[in-house]
Amino acid sequence: MKKTISVVVAIGIVAIFIAILLRHGEIADPRPAAVNTPKAADSPAPRPALSAAPPEAQNPSVSQSSPTSIPLIDRNNPAYATMIRALDAEYRSLFQQSLPYESRNTSEIEAAVRLLTTIRLSQMMHEATLATVIKSSAHSVTIAIPAYEAEGRSLQRYLEDSLHLSVKNLDLNWELTKLFDHFGRYKQEIEVRPDGQFRGETLYQIGHFTDLSMVFGGLHTQSNLPSSDLGGYGVFESLFPKS
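The residue numbers shown here count from 1 along each chain, following its written sequence. Residues qualify for local features only when their pLDDT is at least 70, as the model is predicted, and side-chain atom pairs are given and counted only at 80 or more; totals for whole chains, interfaces and linings, by contrast, use all residues. To get the side-chain values, take all heavy atoms of the structure and skip hydrogens and water.

**Comments concerning the overall build of the protein**
When helices and strands are tallied, the protein shows seven helices and five strands. Only DSSP runs of H or I reaching four residues or more are called helices, and only runs of E reaching two or more are called strands; each is numbered from the N terminus. Reading the protein from its N terminus to its C terminus gives the helix and strand order α-α-α-α-β-β-α-α-α-β-β-β. Of all 243 residues assigned to the protein, the portion counted as buried reaches 32%. Every residue pair with non-hydrogen atoms within 4.5 Å of one another is taken to be in contact. Contacts in the protein between residues at least 24 apart in sequence constitute 60% of all its contacts with a sequence separation of at least 6. Relative accessibility decides the category of a residue: with a 1.4 Å probe and only protein chains considered, values under 20% of the type maximum give buried, values over 50% give exposed, and everything between is partly exposed.

Have a look at this one:
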């Protein structure tokens, strides 16, 4: 009898000890934990779908009024009249020499000429904002123009997209690349020297060097132009030597 009472007492003590440990968290509760399902009100609201902003909004520096990153000139501005006449004549001659006589379309050629002149003069106006004089004397000036590949590529894409198909198909790629000085891919230097007088105006000897690379060397062109007919070089005239 005494043995039975002792066992019961021992079991009771053990039960009390286990209950105390469970209360203080020192023994894991063997019962499965309850699953708490969040209420609908506790669920976060769905996020709205993100809409893609147009390129102009993503990049505010892109002008919505210009098809290129270099502003295009206004051909009706009288300040450009002399330079436009000279460039128009140069590009008109280029097309007339390149196109077979029977396939010449006057209106198409004139549209291409206007396009080339507008882009080339816009390009040179941009170059004038970048130009610096690196050598200067009483009789010569050397003007440096740094490369501007990204802006030039924008002009090139616009030119290629805008030229009429039959004109674009002409084998003019290299010629146009030279005319547009590789669209700003390489740095340039322009050396200007007065070369006497003719009918009361100054003649200029203009050497133009495009630094293609250490592999290909450079492209040199030489022009002798009167002050009244400088073509695109007119944008640099304020930097020319005065004597």
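**Examining the packing of aromatic side chains**
Ring pairs are drawn from Phe, Tyr and Trp, using the six-membered ring of Trp, whenever the two centres fall within 6.5 Å, and their geometry is named by plane angle: stacked under 30 degrees, edge-to-face over 60, tilted for the rest. One pass over the structure, following the stated rule, counts two aromatic pairs. Between F180 and F183 the ring centres are 5.0 Å apart and the planes differ by 5°, which places this aromatic pair in the stacked class. F183 sits in the buried class, given a relative accessible area of 6%. Taking 4.9 Å as the distance between ring centres and 65° as the angle between the ring planes, the aromatic pair formed by Y204 and F240 counts as edge-to-face. One end of the pair, Y204, is in strand β4 (residues 201–213); the other, F240, is in the segment after β5 (217–226), and 36 residues separate them in sequence. Its relative accessible area of 9% is what places Y204 among the buried residues.

**Observations regarding the pairing of strand β2 (residues 141–145)**
Taken across its five residues, β2 has five buried, putting it largely inside the fold. Strands are treated as partners if at least two bridges between them are detected by DSSP. As defined by bridge partners, strand β1 (residues 132–136) adjoins β2 across four bridges and the pair is classed as antiparallel. Its bridge partner being in β2, K135 is matched across the sheet by T142. Turn length for the β1-β2 hairpin, with the two strands adjacent in sequence and antiparallel, is four residues.

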